[in-house]
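# What the coordinates show
Residue-level listing of the chains:
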Amino acid sequence: TVSPENAPDKAEYIEITYSKGDITAIDGEAMSPATVMEVLNQRAGAHGIGRDDIVENRFVGMKFAPEREMLQAAIDKTQETVNGTVRLKLYKGGITVVGRKSDDSLFSEKIATFEDDEGAYDQKDAAGFIKLNALRLRLKALK
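In this report, the structure presented in the accompanying data block is examined. Bear in mind the structure is a predicted one, so any value in this text is a computation, not a measurement.

What follows covers the overall build of the protein. Each helix and strand in the protein was counted, giving 3 helices and 5 strands. Seen in sequence order, the protein has helices and strands lined up from the N terminus as β-β-β-α-α-β-β-α. Its C-alpha atoms give the protein a radius of gyration of 21 Å, more than 25% over the compact-globule value 15 Å for 143 residues. Taking the principal axes of its C-alpha atoms as reference, the protein extends roughly 50 × 45 × 30 Å. Sorting the 143 residues of the protein into buried and exposed places 15% on the buried side. For the protein, contacts bridging at least 24 residues in sequence account for 61% of all contacts bridging at least 6. Surface accessibility of the protein: about 11,700 Å² in total, with carbon and sulfur atoms responsible for 56%. On the protein, the mean spot of the 20 positive side-chain charges and the mean spot of the 24 negative ones are 6 Å from each other.

Right under this line is the structure:
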């Protein structure tokens, strides 16, 4: 990648399309996973995106182990309804989500509001949920 300081002074916007959690298109153009990686590396790298500073810790043989296959099955299940498009802004080493859409989204403006939700949510329900969810933490604190 280029240094963020040397990246273009103008942002670039891209749209990434997902199907079952996998990227299947960029800016409406269908492409293979390998091509997706090449295109994103090129376009994001031009904006100083993709640099990382890590210390790795590896489990030898993890890539071919049954545990990896079990984890992959769990991940695949969670991604079944990750479908849609995300619009991103690439600029000076940063990525900002500026839009998203999905036919599978559970979001509803009528429910996710501080205004009248027509009875979809009762604020009193939160107290019981929080108390029950915190029970494990209170029990742990007693030990």
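On we go from here.
Here Asp-103 is to be found in the loop between strand 5 (94-101) and helix 3 (124-142). The exposed category is assigned to Asp-103, whose relative accessible area is 83%. In this structure the C-alpha to C-alpha distance between Asp-103 and Gly-21, which are 82 residues apart in sequence, comes to 14 Å.

A few words now on unusual backbone geometry. Backbone geometry places Lys-92, a non-glycine residue, at a positive phi of 45°. Summarising the element assignment, Lys-92 is placed in the loop between strand 4 (84-91) and strand 5. For Lys-92, a relative accessible area of 25% puts it in the partly exposed group. Its identity is not glycine, yet Glu-118 carries a phi of approximately 60°, on the positive side. Tracing the chain through its elements places Glu-118 in the loop between strand 5 and helix 3. Accessibility expressed as a relative area gives 61% for Glu-118, which makes it exposed.

Moving on to the pattern of salt bridges. In total, this model carries 6 salt bridges according to the counting rule given. Between Glu-12 and Arg-43 there is a salt bridge, with the nearest N and O atoms lying 2.7 Å from each other. Remark: Arg-43 occurs in helix 1 (residues 33-45) and Glu-12 occurs in strand 1 (residues 12-19); sequence separation between them is 31 residues. Residue classification places Glu-12 among the partly exposed positions, given a relative accessible area of 21%. The partner of Glu-15 in a salt bridge is Arg-87, with the nearest N and O atoms 3.9 Å apart.

The rules behind each value
Residues numbered from 1 in each chain as written. Predicted model: local features only at pLDDT ≥ 70, side-chain atom pairs only at ≥ 80, totals over all residues. Heavy atoms only, no water. Helix = DSSP H or I, 4+ residues; strand = E, 2+ residues; numbered from the N terminus. Rg over C-alpha atoms; globule rule 2.2 N^0.38 Å. Buried < 20%, exposed > 50% of the residue type's maximum accessible area, 1.4 Å probe, protein only. Contact = heavy atoms within 4.5 Å. Areas by Shrake-Rupley, 256 points an atom, 1.4 Å probe, with all protein chains shown as cover. Lys, Arg positive; Asp, Glu negative; His and termini not counted. Charge placed at Lys NZ, Arg CZ, Asp CG, Glu CD. Salt bridge = Lys/Arg side-chain N within 4 Å of Asp/Glu carboxyl O.

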